[in-house]
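Descriptive analysis of the structure
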Amino acid sequence: MSATFWDRFADRYARQPIKDQASYDEKLRLITGLLTPQSRVLDIGCGTGGMAAALAPFAAQVVGIDSSEKMLDYARAKARGVANLRLVQTDLAGFEETGFDVILALSLLHLLPDWRGMIAEIYARLPEGGAFVSNTVCIADASWKLRLLLPLGARLRLMPPLQCFSQPALETALRDAGFELEKVWNPGGGKTAFIIARKPRYS
Ligand SMILES: C[S@@+](CC[C@H](N)C(=O)[O-])C[C@H]1O[C@@H](n2cnc3c(N)ncnc32)[C@H](O)[C@@H]1O
């Protein structure tokens, strides 16, 4: 997706308070549980950088990438003085660095027309034993009213176009790519799937 929507939306996104603090704290706890002081973390679509900055004290290095310069402006403010947090304006295709043990795509997959391709690319980039953490809105599981309203919101440019897939389809895509699902959780019992997927060790 072009960065245009997110450049336009950045100020509003940055002002939004965390909707469910308890779920956010639990996500943070689960992700930090994957880290050691040697870990290198890649946060794809890091947005305004809140999670990347929160993880930095628990890892050797965190790199946040995002296609939106405006979203990254907010992230840069949070990264000031955090020596092990680096931010790069790019999408994954334009980012060649490797060696990440944990890769995050939080509130991202449902934005990508080729979300399956992104899962495959992340699998390819992780080492054996590496973890992929995603937080994905599964629109196909939402009410028919919401499924009708979302394309309208996108057409009115109030929100980005969202891909419509179900949680079973997402879980199948992760398994088909080769991942083992270590944790599947629906915060607040909703239609958002928080999934920790692991690239198996073959030896
Ligand atoms: C909904 S926000 C999520 C931000 C953050 N991960 C969070 O959980 O708050 C989606 C972010 O993904 C970025 N984005 C969308 N498509 C992208 C792509 N192909 N590559 C990198 N970033 C992308 C947008 O610019 C935006 O900042």
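What counts, and where the lines are drawn
- Every chain's residues receive numbers from 1 upward, in the order its sequence appears when written.
- Side-chain atom pairs in this predicted model are given and counted only at pLDDT of 80 or more, local residue features only at pLDDT of at least 70, and totals for whole chains, interfaces and linings cover all residues.
- Each side-chain value is derived from all of the structure's non-hydrogen atoms; neither hydrogens nor water enter the calculation.
- Going along the chain from the N terminus, every DSSP run of H or I of four or more residues is numbered as a helix, and every run of E of two or more is numbered as a strand.
- Think of it in three bands: with a 1.4 Å probe and only protein chains considered, a residue is buried below 20% of the maximum accessible area for its type, exposed above 50%, and partly exposed in between.
- Nonpolar cores are built from buried Ala, Val, Leu, Ile, Met, Phe, Trp, Tyr and Cys residues. Side-chain atoms within 4.5 Å join them into one set.
- Contacts: residue pairs with any heavy atoms within 4.5 Å of one another.
- In this text, near means that some heavy atom of the residue lies within 4 Å of the molecule or strand in question.
- Every accessible area reported is derived by Shrake-Rupley at a probe size of 1.4 Å, with residue values counting cover from the shown protein chains alone.
- Each residue is assigned to one of three groups, with Ala, Val, Leu, Ile, Met, Phe, Trp, Tyr, Cys and Pro labelled nonpolar, Asp, Glu, Lys and Arg labelled charged, and all others, Gly among them, labelled polar.
- Two rings from Phe, Tyr or Trp (for Trp, the six-membered ring) form a pair when their centres sit within 6.5 Å of each other. Planes less than 30 degrees apart are called stacked, planes more than 60 degrees apart edge-to-face, and all others tilted.
- Charge over a ring is defined by NZ of Lys or CZ of Arg lying within 6 Å of the ring centre and within 35 degrees of the ring normal.
- What counts as a salt bridge is simple: a side-chain nitrogen of Lys or Arg found within 4 Å of a carboxyl oxygen of Asp or Glu.
- By convention a crossover is right-handed if, when the strands point away from the viewer, the path from the first strand over the helix to the second runs clockwise.
- Pairing between strands is defined by DSSP: at least two bridges between them are needed.

**What to know about unusual backbone geometry**
Although it is not a glycine, Ser 107 sits at a positive phi angle of roughly 55 degrees. Its location among the elements puts Ser 107 in the loop between strand S4 (102-106) and helix H5 (115-125). Look at Ser 107 and you get partly exposed, because its relative accessible area is 32%. Non-glycine residue Arg 157 carries a positive phi angle of around 60 degrees. Assignment of secondary structure puts Arg 157 in the loop between helix H6 (144-155) and helix H7 (167-177).

**So, the nonpolar core**
Counting 34 residues, the largest nonpolar core has Leu 42, Ile 44, Ile 119, Ile 122, Phe 132, Leu 170 and Phe 179 as the members making the most contacts within it. If you list the elements that add at least two residues to this core, you get helix H1 (4-15), strand S1 (40-44), strand S2 (61-66), S4, H5, H7 and strand S7 (192-198). Once residues within four sequence positions are removed from consideration, Ile 44 is found in contact with Ile 65, Leu 92, Ile 103, Leu 104, Ala 105, Leu 106, Leu 108, Met 118 and Ile 122. Counting residues in hydrophobic clusters, the runner-up holds 27 residues, among them Leu 30, Val 62, Val 133 and Phe 194.

**What to know about the site of the ligand**
Near the ligand lie 17 residues; those nearest to it are Tyr 13, Gly 45, Asp 66, Ser 67 and Leu 106. Starting from 600 Å² of accessible surface for the ligand in isolation, the protein chains cover 88%. When grouped by side-chain class, the residues that make up the shell around the ligand number 9 nonpolar, 6 polar and 2 charged.

**Things to note about the packing of aromatic side chains**
Taken as a whole and judged by the stated rule, the model has 10 aromatic pairs. Pairing Phe 9 with Tyr 13 gives two aromatic rings, centres 6.4 Å apart and planes at 55 degrees, and the pair type is tilted. Residue Phe 9 and its partner Tyr 13 are located together in helix H1, separated by 4 residues, close to a single helical turn. Here Tyr 13 falls in the partly exposed class, since its relative accessible area comes to 30%. Ring plane angle 75 degrees and centroid distance 5.7 Å describe the contact between Trp 185 and Phe 194, whose orientation is recorded as edge-to-face. A residue is classified by how much of its surface remains accessible, and Phe 194, at 0% relative accessible area, is buried. Taken together, the ring pairs in this structure connect Phe 5, Trp 6, Phe 9 and Tyr 13 into an aromatic cluster. When the ring centre of Phe 100 is taken as origin, the NZ or CZ atom of Arg 40, which lies over that ring, is 4.4 Å away. Residue placement shows Lys 199 over the ring face of Tyr 123; its charged tip is 4.5 Å from the ring centre.

**Examining the pattern of salt bridges**
Applying the stated criterion across every chain, the model contains 8 salt bridges. Note that Arg 76 and Glu 69 form a salt bridge whose closest N and O atoms lie 2.8 Å from each other. The partly exposed category is assigned to Arg 76, whose relative accessible area is 30%. Relative accessible area serves as the criterion here: at 30%, Glu 69 is assigned to the partly exposed category. Salt-bridge contacts for Arg 198 lead to Glu 182; the nearest nitrogen and oxygen are separated by 2.8 Å. On the criterion of sequence distance, the pair formed by Arg 198 in strand S7 and Glu 182 in strand S6 (residues 180-185) is long-range, its members being 16 residues apart. Overlapping salt bridges bring together Arg 40, Arg 86 and Glu 97 as one network.

**Here we look at the pairing of S1**
Residues in a regular strand point their side chains to alternate faces of the sheet. Counting buried residues along S1, 5 of its 5 residues qualify, which places the element largely inside the surrounding structure. Of the two faces of S1, the one lined by Arg 40, Leu 42 and Ile 44 and the one lined by Val 41 and Asp 43 are each fully buried. With helix H3 (residues 50-55) bridging S1 and the parallel S2, this β-α-β connection has right-handed handedness. Two strands pair when backbone bridges link them, and S1 and S4 are joined in this way by 3 bridges, in the parallel orientation. Bridge pairing in S4 links Leu 42 to Ile 103.

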